[in-house]
Amino acid sequence: MAEKKEKKKEKKKKVEEPQYYSSATNLPTYNYRVYHMKPMEKILYFALAFVVGAAVGYLFYGGIGKDEFGEPTTLTRILNLLIPSVVGLLAGKLFIPVRRKAITSKRQKELGRQFRDMLDALTTSLGAGKNVNDSFFSVYEDLKVQYDSDAFILKELEVIISGIHNNVDIEEVLEDFGKRSANDDILSFANVFRISYRKGGNIKDIIRNTHSILSDKMEIAEDIETLVTSNKMEQNIMIGMPIMLIAVIKMMSPEFAANFVKPTGILSTTVSLAIFVVAYFIGKAVLDIKL
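Residues numbered from 1 in each chain as written. Predicted model: local features only at pLDDT ≥ 70, side-chain atom pairs only at ≥ 80, totals over all residues. Heavy atoms only, no water.

*Asks:* Please explain the packing of helix H4 (residues 132-146) against helix H5 (residues 152-165) as it appears in this structure.
*Replies:* To describe two helices that pack against each other, one gives the angle between their axes and the distance between the axes. Two elements in contact, H4 and H5, have axes separated by 10 Å at closest approach and are oriented at 150°. Taken together, the axes of H4 and H5 lie roughly antiparallel to each other. For the crossing formed where H4 meets H5, the hand is left-handed. On H5, the residues that touch Asn133, Phe136, Phe137, Val139, Tyr140, Leu143 and Lys144 of H4 are Ile153, Leu154, Leu157, Glu158, Ile160, Ile161, Ile164 and His165. In terms of residue class, the contact of H4 with H5 is built from 11 nonpolar, 2 polar and 2 charged. (Axes fitted to C-alpha atoms, helices over the stretch in contact; angles between N-to-C directions. Helix = DSSP H or I, 4+ residues; strand = E, 2+ residues; numbered from the N terminus. Parallel < 35°, antiparallel > 145°, perpendicular 65-115°, else oblique. Left-handed = near helix turned anticlockwise from the far one by under 90°. Contact = heavy atoms within 4.5 Å. Nonpolar A, V, L, I, M, F, W, Y, C, P; charged D, E, K, R; others polar.)

*Asks:* Would you take a moment to explain the pattern of salt bridges for this structure?
*Replies:* Once their charged atoms are close, side chains differing in charge can pair, the charge on each being opposite to the other. Inspection of the entire model under this criterion finds 8 salt bridges. The salt bridge partner of glutamate 175 is lysine 179, with a shortest N-O separation of 4.0 Å. Of the two residues, glutamate 175 and lysine 179 both sit in helix H6 (residues 170-181), 4 residues apart, roughly one turn of that helix. Accessibility expressed as a relative area gives 49% for lysine 179, which makes it partly exposed. Across the salt bridge formed by aspartate 185 and lysine 217, the nearest N and O atoms sit 3.3 Å from each other. Here aspartate 185, found in helix H7 (residues 184-198), pairs with lysine 217, found in helix H8 (residues 203-252); they are 32 residues apart in sequence, far enough to count as distant. Among the residues examined, aspartate 185 registers a relative accessible area of 25% and is labelled partly exposed. Among the charged side chains, a salt-bridge network with shared partners connects Glu156, Asp176 and Arg180. (Salt bridge = Lys/Arg side-chain N within 4 Å of Asp/Glu carboxyl O. Buried < 20%, exposed > 50% of the residue type's maximum accessible area, 1.4 Å probe, protein only.)

*Asks:* Hey, could you run me through H4 in this one?
*Replies:* Given 3.6 residues per helical turn, the α-helix brings residues three or four places apart onto the same face. Between its first and last C-alpha atoms H4 spans 21 Å; for 15 residues at 1.5 Å apiece the expected length is 21 Å, and the two agree. When H4 is considered as a whole, its buried residues turn out to be Val132, Ser135, Phe136, Ser138, Val139, Tyr140 and Leu143. Next to the buried residues of H4 lie helix H3 (74-127), H5, H6, H7 and H8. Two or three places before asparagine 133, at the start of H4, stands the capping residue asparagine 131, its side-chain oxygen 3.3 Å from that residue's backbone nitrogen. (Expected span 1.5 Å × (residues − 1). Polar contact = N/O pair within 3.5 Å; in protein donor to acceptor, adjacent residues only side chain to side chain.)

*Asks:* Could you clarify how one ought to interpret the nonpolar core in this entry?
*Replies:* Most often, soluble globular proteins keep nonpolar side chains buried together rather than apart. In this structure, Phe115, Met118, Phe136, Ile153 and Leu157 are the most contacted members of the largest nonpolar core, which totals 43 residues. Contributing elements (two or more residues each) for this core: H3, H4, H5, H6, H7 and H8. Looking at this core element by element, the count peaks at 9 residues for H3. Beyond its immediate stretch of four places on either side in the chain, leucine 157 contacts Met118, Phe136, Val139, Tyr140 and Leu143. Membership of the second largest hydrophobic core comes to 9 residues, among which are Leu59, Tyr61, Ile64 and Ile83. (Core = buried A, V, L, I, M, F, W, Y, C linked by side-chain atoms within 4.5 Å.)

*Asks:* What is the right way to read the packing of aromatic side chains from this model?
*Replies:* The way to describe two aromatic rings as a pair is by their centre distance and the angle between their planes. Applying the stated criterion to the full structure yields 9 aromatic pairs. Taken together, a centroid distance of 6.1 Å and an interplanar angle of 65° make the contact between phenylalanine 115 and phenylalanine 177 edge-to-face. Pair noted here: phenylalanine 115 is in helix H3 and phenylalanine 177 is in helix H6, with a separation of 62 residues, a long-range link. Between phenylalanine 115 and phenylalanine 189 the ring centres are 5.6 Å apart and the planes differ by 70°, which places this aromatic pair in the edge-to-face class. Of this pair, phenylalanine 115 sits in helix H3 while phenylalanine 189 sits in helix H7, and the two are 74 residues apart along the sequence. What makes phenylalanine 115 buried here is its relative accessible area of 1%. Residue phenylalanine 189 is classed as buried on the basis of its relative accessible area of 2%. (Phe/Tyr/Trp six-rings, centres within 6.5 Å; stacked < 30°, edge-to-face > 60°.)

Shown next, in the form of structure tokens:
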């Protein structure tokens, strides 16, 4: 029984992945699978979500508990503070992981585009007759002109070049890059490169084919993204429609809006919001096309 309890406790403890690892040459390497917000960044996002959530909570549920003459009571004042605060706290708590996931996804996509450019430059360099090591040096110099110094691919090339200078097998460095990238294409390239490089395969053709496949895949993904952009925009507009509608009703017709704070109004509003939220997440899942 004691062993089962310990196992359950271990399962409950979620070991969070670090943001950085150390390479074989002790350089910090970025973990693209996760994104850890800085304390101030987390506070700002939480505060933003709290303010929006509290405002929405007050808009939909403000004014509950008025007397028969429509005058606010002590209960009304308490609920006007309590409900927006609870909704704001829930919004802040839910928004942080959503925002973290969005930033992580954005960085992974950015890395994929930069990796494609690296393969393009690497193919050109190998086609000019340079060996693999010299080609990576050349690619680094070429991409320094194209990207800022803090670009992901430049940092990864610095790790690769550091490994070459310190006699670390380049295929090991690439394999580590592939595992950290959370990108199946980069990991597949690293695995193919490792097998071919040690067995005397045609590295130039492998890199050219990988670049061609990756470019085609990204073009297809961009075409699909373009097709669903209008639908995503419509979905974003629909998020604000209930809020705008209730706000207009409360401003234009306070008498009618008083029905929202009655028991039937509260029930119908809550049910409608629940349906709306479920529909939003279903639509988001449908439009989130992964290739």
